Amino acid sequence: MYLTRLEEKMLNGELGEAVSIAMKAIVKVGEILGASRLVEITHSHISGISYLNIGDPGLEFIEYLSSKNARVRVFSTMNPSSIDEDKIHIFNISKEELAKQKKIVELLVKMGVKPTLTCTPYYIRKPKLGEHLAWGESSAVAYANIVFGARTNKEGGPLALFAAITGRTYYAGLHLEENRIPKVYIKVNTRIDNAVKAGLLGYYIGEVVRGKIPYIDATILYDESTLKAFSAAYATSTTTPHALLKGVSPEEKIYDKEFIEERIIVDEKELIETLNKLVDQDTNESRKTLFIGCPHLGISEIHYIYDLASKGKIGIEGIIISTSRYVYEKAKNIIAKLESLGAIVVKDTCPIVSRLKIKDYLITNSVKAAFYMKRLHKVKVMLRDVN
Ligand code: F3S
């Protein structure tokens, strides 16, 4: 693999041990993937922050890098943790787990990672068309590629951290123009006008394209909730988190029917079959918890929920809403009003990466949340749009 003089120095340990460890790992992965060189990145987003997900091995890995004086070289953000420290009483977390969670965040902050604790880093720093990133949160990766035309693979937590430390990643996968060209044409014959339908479509397409990039010809409501729901669900089932959405993706011009190898038609029927596969039929409404906020809600989504609640169009009592501390701060007045109506707004975490106390039945508008709550937390799930 070709390395610049600076990259060679990084590899040889001339810029410190942590940089050398990180560079060796990136070069090794790049060589396995056939990368001819590295590429500089502008933003790393580090996943694997929740102690409940990474456990002691994850904490020890971060401690090890910290002991080698690791520092990030580019703007770096972190994914949600397992706790909202202002609402500890609604989580099942032991004192020991809490201390270890705090340690993880503390060590990363010491390295220079911003304590954003969100899966929506694009609200904090909006990616640019063609920009190279190393992001480790699948829903955000898909959103960055599809909606902004930025370039990132789905990195594991350690590799995203190594990319942050070196300011580089391997030049392979979705960083290369040729790997972003759609090979599957998908015609969607039903209007996609809410988050649940968008999530079902995303999940279905991710399953059928089998790693190829699709060009999706759909009438899709162009708003952030729909596009976030599509991206998160698509990233749940695909191995290649990029697609071109007609009328949405800024890279739409690279669609060329000459390269299309397969055509797929999606009707309402496919979405209903996907829904039936994901949800439970036994709907015990008295044991339900309602959840909105996977991915974390943005400011306008919070205003929308409040608007519906204040007009009595949705019941808000006991509903769990998750968002980032960034959005929480910006929308604190409206969040206070939502909480006065009985909603529980959590920041820095979500029910999937934490042990938030919920009843044994979860109703959500997020296909990604439904998928993981069922598998990781063994609760029954139902999908329902907010209005
Ligand atoms: Fe974010 Fe949690 Fe969903 S991290 S994408 S709200 S699973």
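Conventions we followed
Residues numbered from 1 in each chain as written. Predicted model: local features only at pLDDT ≥ 70, side-chain atom pairs only at ≥ 80, totals over all residues. Heavy atoms only, no water. Helix = DSSP H or I, 4+ residues; strand = E, 2+ residues; numbered from the N terminus. Expected span 1.5 Å × (residues − 1). Bend = angle between axes of the 7 residues up to and from the residue. Buried < 20%, exposed > 50% of the residue type's maximum accessible area, 1.4 Å probe, protein only. Contact = heavy atoms within 4.5 Å. Phe/Tyr/Trp six-rings, centres within 6.5 Å; stacked < 30°, edge-to-face > 60°. Pairing = 2+ DSSP bridges. Right-handed = clockwise from strand over helix to strand, strands pointing away. Core = buried A, V, L, I, M, F, W, Y, C linked by side-chain atoms within 4.5 Å. Near = heavy atom within 4 Å. Nonpolar A, V, L, I, M, F, W, Y, C, P; charged D, E, K, R; others polar. Axes fitted to C-alpha atoms, helices over the stretch in contact; angles between N-to-C directions. Domains from an automatic or database assignment. Buried area = accessible area lost by both parts, 1.4 Å probe. Salt bridge = Lys/Arg side-chain N within 4 Å of Asp/Glu carboxyl O. Arc of directions from axis to C-beta.

## Points about helix α3 (residues 51–67)
Two residues of an α-helix separated by three or four positions point the same way, owing to the 3.6 residues in each turn.
Okay, step 1: Relative to the 24 Å expected for 17 residues at 1.5 Å per residue, α3 spans just 19 Å between its end C-alpha atoms, considerably shorter than the ideal helical length.
Okay, step 2: Along α3, the sharpest change in direction is near 65° and occurs at proline 57.
Okay, step 3: When we look at burial in α3, the residues that qualify are Tyr51, Ile54, Gly55, Gly58, Leu59, Ile62, Leu65 and Ser66.
Okay, step 4: Those residues of α3 that are buried are in contact with α2 (17–32), α4 (95–111) and α6 (157–166).
Okay, step 5: In the stretch just after α3, asparagine 69 is the one whose phi turns positive, near 60°.

## Describing the packing of aromatic side chains
Okay, step 1: Inspection of every chain in the model, using the stated rule, returns 11 aromatic pairs.
Okay, step 2: Measuring from ring centre to ring centre gives 6.3 Å for tyrosine 122 and phenylalanine 148, while their planes differ by 45°; the resulting arrangement is tilted. Of the two residues, tyrosine 122 sits in the loop between α4 and β4 (133–135) while phenylalanine 148 sits in helix α5 (residues 138–148), which places them 26 residues apart along the sequence.
Okay, step 3: Note on tyrosine 122: relative accessible area 4%, which makes it buried.

## Looking at the sheet that holds strand β7 (residues 214–217)
Okay, step 1: Taken together, the 4 strands give an open sheet; going across it, the order is β8-β7-β6-β9, and neighbouring strands pair in parallel fashion. Each edge of the sheet is formed by a strand with only one pairing partner; in this case those strands are β8 (244–245) and β9 (262–266).
Okay, step 2: Here β7 pairs with β8 via 2 bridges, running parallel. Bridging across to β8, isoleucine 216 finds its partner in leucine 245.

## Quick word on the environment of glycine 58
Okay, step 1: Topologically, glycine 58 is positioned in helix α3.
Okay, step 2: The spatial distance from the C-alpha of glycine 58 to the C-alpha of phenylalanine 291 is 28 Å, given a sequence separation of 233 residues.

## Here's the deal with the pairing of strand β10 (residues 288–297)
Okay, step 1: Counting buried positions over the 10 residues of β10 gives 8, a clear majority of the element.
Okay, step 2: For β10 and strand β13 (residues 361–364), the ladder comprises 4 bridges, and the chain directions are parallel. Paired with phenylalanine 291 across the bridge in β13 is threonine 364.
Okay, step 3: On the question of chirality, the crossover connecting β10 to the parallel strand β11 (residues 320–323) by way of helix α10 (residues 299–310) is right-handed.

## Structural notes on the nonpolar core
Okay, step 1: Ranked by internal contacts, the top residues of the largest apolar core, which has 65 residues, are Ile186, Ile205, Ile216 and Phe230.
Okay, step 2: No other element matches the 10 residues that helix α7 (residues 195–209) contributes to this core.
Okay, step 3: Not counting the four nearest positions on each side in its chain, isoleucine 216 is found in contact with Ile186, Val188, Ile205, Phe230, Ala243, Leu244, Leu245 and Lys246.
Okay, step 4: Ranked by size, the runner-up nonpolar core spans 39 residues in total, among them Ala18, Leu59, Ala70 and Val105.

## Quick look at the site of the ligand
Okay, step 1: The environment of the ligand is made up of Pro80, Cys119, Glu137, Ser139, Gly293, Cys294, Pro295, Cys350, Ile352 and Lys368.
Okay, step 2: Considering every element that reaches the shell around the ligand, the biggest residue donor is β10, with 3 residues.
Okay, step 3: Residues of the shell around the ligand, tallied by class, amount to 6 nonpolar, 2 polar and 2 charged.

## Notes on the sheet that holds strand β2 (residues 43–46)
Okay, step 1: Pairing within the open sheet is parallel, and its 3 strands lie in the order β3-β2-β4. With partners counted over all chains shown, the strands left at the sheet margins are β3 (75–78) and β4, one partner each. With strand direction ignored, the average angle separating the axes of adjacent strands in the sheet is 10°.
Okay, step 2: Strand direction decides the pairing type here: β2 and β4, joined by 3 bridges, are parallel.

## Description of the domain arrangement of the chain
Okay, step 1: Examined at the domain level, the chain breaks down into domain 1 (5–176), domain 2 (181–277) and domain 3 (288–383).
Okay, step 2: Each partner contributes to the interface: domain 1 provides 28 residues, whereas domain 3 provides 23 residues.
Okay, step 3: Here domain 1 and domain 3 share an interface that buries about 2,100 Å² over both sides, 53% of which is from carbon and sulfur atoms.
Okay, step 4: Summed over the three residues of domain 1 that lose the most area to domain 3, namely Ile90, Asn92 and Tyr123, the buried surface amounts to 25% of that side.
Okay, step 5: Linking domain 1 to domain 3 there are 5 salt bridges.

## Some words on helix α12 (residues 332–340)
Okay, step 1: By the burial criterion, the buried members of α12 are Ile334, Ile335 and Leu338. All buried residues of α12 project into a common sector of 100° when viewed along the axis, lining one side. Away from its buried face by more than 90 degrees, α12 exposes Asn333 and Ser340.
Okay, step 2: Following α12 by one or two positions, glycine 342 adopts a phi angle in the positive range, close to 110°.

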